[in-house]
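This is what each chain is made of:
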Amino acid sequence: MDVTLLLVSLIVVIALVFDFTNGFHDAANAIATSVATNALSPRVALGMAAVMNFIGALLGTGVAETIGSGIISPPKDNAGLVVVLAGLLGAIAWNLITWWFGLPSSSSHALIGGLTGAGIVASVTVYWGVIGTKVIIPMFLSPVVGFGLAFVLMKLTLKIFQHATYRKTMRNFRHAQTASAAAMALGHGLQDAQKTMGVIVLALVAGGYWHDTSIPTPIKLAAAAAISLGTYTGGWRIMKTLGSKIIDLDPAHGFVAEGVAAGVLYTTAFLWHAPISTTHTITSAIMGVGATKRKSAVRWGVAGNIVGAWFLTIPAAAIFAAIFYVIFAMFV
């Protein structure tokens, strides 16, 4: 087989594997709060999240085009394909490490870090301006917005329902969580599946098999299917962290957290085309609603470990990708 075709095929397969790992790594983002409050059973929640992930993946391409043309510009040859391959493997390595330890880190930032790290070592063009405006700024801004909005809306919700019957109110919010969890899963597919589409197009362009940043329909469907299948397998370790280790959630707090996080995901995908982290967004929203109870309601030690993983993700994935590139470059 031609070396270029072999490399492109390998990247497509590994990109879909990354998409699958993204699904099971981030499954908890969409449904952890609903499962923790008993609004949905784990298997029903995962099934719903898988379906909504698939639908969300087909709703836009702005984030995919940012990943496919806005992070690095590898040469259109085998050396460029090695850069993309090393970036993918660096992201997968970090995803697996954080999944093993139950830390809800960002698959999106792992991918961006991997591509950037491989690009730096390979001395290819890295679009630092795009990374700054569409990765770094949203990386810090989206958790702040998620926390702040969740805190304010939870306060308003508590005020509105302060005289309502507790048991009936919680029962209604438990039903409402089905909708908010679905909205969150749709946003996850909208954001995260597109990143895989962008990487595949990046490889196709580098290999000479595609000539613009548009996303072919077969690539959309393949990425949507991979992330949905990964979601259905479930990320149980991370689900436990998000669902119970940060705060003890009730249905009202879960509904507000999911609703806020979904809104942030839609806004950044459709208006900013920014590949933000669903993990950062839902985690900060959970902390925001938890802080309305009392300061001690949020287990800040666990939250601190999560934030530490956030800061480590881009450089750690970059280092893994750089190592992979150095190894692969000796054979290509």
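Residues numbered from 1 in each chain as written. Predicted model: local features only at pLDDT ≥ 70, side-chain atom pairs only at ≥ 80, totals over all residues. Heavy atoms only, no water.

Looking at an unreviewed UniProt entry, one finds the protein chain named Inorganic phosphate transporter and attributed to Arcanobacterium bovis. For the protein chain, the Subcellular location (unreviewed entry) comment in UniProt is given as "Membrane". (UniProt positions renumbered as here; feature names shortened; annotations may be inferred.)

**Re the overall build of the protein chain**
Secondary structure summary: the protein chain contains 12 helices and 2 strands in total. Each helix (α) and strand (β) of the protein chain, taken in turn from the N terminus, gives the series α-α-α-β-α-α-β-α-α-α-α-α-α-α. Looking at the protein chain residue by residue over its 332 residues, the buried ones come to 58%. In the structure as shown, the protein chain presents an accessible area of about 12,900 Å², 71% of it carried by carbon and sulfur atoms. (Helix = DSSP H or I, 4+ residues; strand = E, 2+ residues; numbered from the N terminus. Buried < 20%, exposed > 50% of the residue type's maximum accessible area, 1.4 Å probe, protein only. Areas by Shrake-Rupley, 256 points an atom, 1.4 Å probe, with all protein chains shown as cover.)

**A look at the layout of surface pockets**
By volume, the second largest pocket amounts to about 160 Å³. In terms of lining residues, the second largest pocket is bounded by 14 residues, among which Leu 158, Phe 161, Tyr 166, Thr 169 and Met 170 are the most central. Put simply, the parts of the chain that give the lining of the second largest pocket at least two residues each are α6 (128-160), α7 (166-206) and α10 (251-272). For the lining of the second largest pocket, the element with the most residues is α7, which contributes 4 residues. Looking at the lining of the second largest pocket residue by residue, the classes come out as 8 nonpolar, 5 polar and 1 charged. (1 Å grid on protein atoms, 1.4 Å probe; cavity = no way out; pocket = protein on both sides within 12 Å on 5 of 7 lines; lining within 4 Å. Points joined across faces, edges and corners; volume = space filled by probe spheres on them. Nonpolar A, V, L, I, M, F, W, Y, C, P; charged D, E, K, R; others polar.)

**Concerning helix α11 (residues 278-291)**
With 14 residues, α11 should reach 20 Å at 1.5 Å per residue; the first-to-last C-alpha distance of 20 Å fits that figure. Among the 14 residues that make up α11, 14 are buried, leaving the element largely enclosed by the rest of the structure. (Expected span 1.5 Å × (residues − 1).)

**With respect to the UniProt feature "transmembrane region" (unreviewed entry) in the protein chain**
With numbering matched to this structure, UniProt assigns "transmembrane region" (unreviewed entry) to residues 6-24, 44-67, 79-103, 110-130, 136-158 and 302-331. Counting secondary structure, residues 6-24 comes out at 100% helix and 0% strand; the distance between its end C-alpha atoms is 27 Å. Across residues 44-67 one finds 83% helix and 0% strand; the C-alpha atoms that close the span lie 32 Å apart.

**Re unusual backbone geometry**
Despite not being glycine, Ser 123 has its phi angle at roughly 60°, a positive value. Residue placement: Ser 123 occurs in the loop between α5 (107-121) and β2 (125-126). Even without being a glycine, His 273 presents a positive backbone phi close to 55°. Assignment of secondary structure puts His 273 in the loop between α10 and α11.

**Let's talk about the packing of helix α2 (residues 42-57) against helix α8 (residues 217-233)**
Between α2 and α8, the shortest axis-to-axis distance is 8 Å and the interhelical angle comes to 165°. Between α2 and α8, the crossing angle belongs to the class labelled roughly antiparallel. Seen along the crossing, α2 lies across α8 with a hand that is right-handed. Judged by residue contacts, Arg 43, Leu 46, Gly 47, Ala 49, Ala 50, Asn 53, Phe 54 and Ala 57 of α2 engage Leu 221, Ala 224, Ala 225, Ile 227, Ser 228, Thr 231 and Tyr 232 from α8. Its residues placed into classes, the contact of α2 with α8 shows 10 nonpolar, 4 polar and 1 charged. (Axes fitted to C-alpha atoms, helices over the stretch in contact; angles between N-to-C directions. Parallel < 35°, antiparallel > 145°, perpendicular 65-115°, else oblique. Left-handed = near helix turned anticlockwise from the far one by under 90°. Contact = heavy atoms within 4.5 Å.)

**As for the nonpolar core**
Among the nonpolar cores identified, the biggest contains 53 residues, and Ile 71, Ile 72, Leu 88, Leu 111, Leu 115, Met 197 and Val 199 are the most heavily contacted of them. The element best represented in this core is helix α4 (residues 78-100), accounting for 11 residues. Here Leu 88 is in contact with Ile 11, Ile 14, Ala 15, Phe 18, Leu 111 and Val 199, once residues within four sequence places are set aside. In this structure, Met 170, Leu 265, Ile 276 and Ile 282 belong to the second largest nonpolar core, which totals 19 residues. (Core = buried A, V, L, I, M, F, W, Y, C linked by side-chain atoms within 4.5 Å.)

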